[in-house]
Amino acid sequence: MSVEASRISGREPTYAPNQRVDKAGVSVARPTRVLVIDDDPSLQHMIMNYLEQQNMLVIAASQRQEAIRQLTASEPDVVILDLQLGQEDGLDLLLEIRSRSDATVIIITGHRRDEIDHVVGLELGADDYVTKPFGLRELLARIRAVLRRRETGRIAAREGVEQGRCRFGDWQLDRRARRLTNPSGNTVALTKGEYALLTAFLDAPQRPLTREHLLQATRIHEDVFDRSIDVQILRLRRKL
């Protein structure tokens, strides 16, 4: 688990998109909170020490249960997750993190021969990855990049909600008119169930939703059966 131990002197400005309001009602940026999940003590401490030098609040975990406990207690902005956690499956832990939190996740993968790990990781909801060996400056740059993307997405989402519109990719959903527009600008007709299903996904970006959640979100009649959700998802996929 070799990592390029870059010796970088001096502190760089910290990107802190999170805001809090003090007693005087003034918006104040708070330090970025980072959870490092890795079972290699030397790598874990190296990452922690470097990020703390950048004025970030860093906590660590080396096992699954400890990671979930820290995730719940600290509500981090960023999770750095090594997919190789001894006998535990880092991808399973990634799924659990994604089901509990909307924190951005950067996965640490092995050498280039383990490319499938970062591909699967991204598909399961990770925001970015770094491949060993990596430099600490690169890790910091990736943390700042994912935080910038998240903040930009939040601003765009707030503006879209205010105008009654949601954008995903090159598609747009006008909630006020209940109209879906494809990248070519053409209107795509949706049934009531498909519309409810799409809004359920848009309201929980990058988070896995249970069958029960989707059934509740799309329930139109009391006699809707479980398999109906599969049909609705299939139809929605074909339209998108």
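Described below are features of the structure shown in this document. Note on numbering: residues in each chain are counted from 1, in written sequence order. Predicted model: local features are reported for residues with pLDDT of at least 70 only, side-chain atom pairs are reported and counted for 80 or more only, and whole-chain, interface and lining totals are derived from all residues. In computing side-chain properties, one takes all heavy atoms of the structure into account and sets aside hydrogens as well as water.

1. A few points about the pairing of strand β10 (residues 165-168)
Each regular strand shows side chains that alternate between the opposite faces of the sheet.
In step 1: Taken together, the four bridges between β10 and strand β11 (residues 171-174) define a ladder with antiparallel strand orientation. Following the sheet pairing, Arg-167 is matched in β11 by Gln-172.
In step 2: In this antiparallel pair of consecutive strands, β10 and β11, the connection spans two residues, and Gly-169 shows a positive phi of 65°. Any two strands with at least two DSSP-identified bridges between them are counted as paired. Under the scheme used here, helices are H or I runs from DSSP no shorter than 4 residues and strands are E runs no shorter than 2 residues, and both carry numbers assigned from the N terminus.

2. What to know about the environment of Thr-210
In step 1: Looking at where Thr-210 falls in the secondary structure, it is placed in the loop between α6 (192-202) and α7 (211-218).
In step 2: Only protein chains enter the accessibility calculation, which uses a 1.4 Å probe; a residue is then buried when its area is under 20% of its type maximum, exposed when over 50%, and partly exposed in between. We classify Thr-210 as partly exposed; its relative accessible area is 47%.
In step 3: Separated by 111 residues in sequence, Thr-210 and Ser-99 have C-alpha atoms that sit 9.3 Å apart.

3. Thoughts on the sheet that holds β10
In step 1: In space, the four strands of this open sheet follow the order β10-β11-β12-β13, with antiparallel pairing throughout. Among the strands making up the open sheet, the edge pair consists of β10 and β13 (187-188).
In step 2: Here α6 sits on the sheet in contact with β10, β11 and β12 (179-181), set at roughly 110° to β11. Two residues qualify as a contact provided that any one of their heavy atoms is within 4.5 Å of a heavy atom in the partner residue. The axes are straight lines fitted to the C-alpha atoms, using for helices just the contacting stretch, and the angles between their N-to-C directions are given from 0 to 180°.

4. Thoughts on the packing of α6 against α7
In step 1: At a closest axis distance of 8 Å, the pairing of α6 and α7 adopts a crossing angle of 130°. On the basis of the axis angle, α6 is oblique to α7. Viewed along their axes, α6 and α7 form a crossing whose handedness is right-handed. From α6, Gly-193, Ala-196, Leu-197, Ala-200 and Phe-201 reach across to α7, where they touch Leu-214, Ala-217 and Thr-218. Angle categories are assigned with fixed cut-offs, so that under 35 degrees is roughly parallel, over 145 is roughly antiparallel, 65 to 115 is roughly perpendicular, and the rest are oblique. A crossing counts as left-handed when the near helix is turned anticlockwise from the far one by less than a right angle, and as right-handed when that turn is clockwise.

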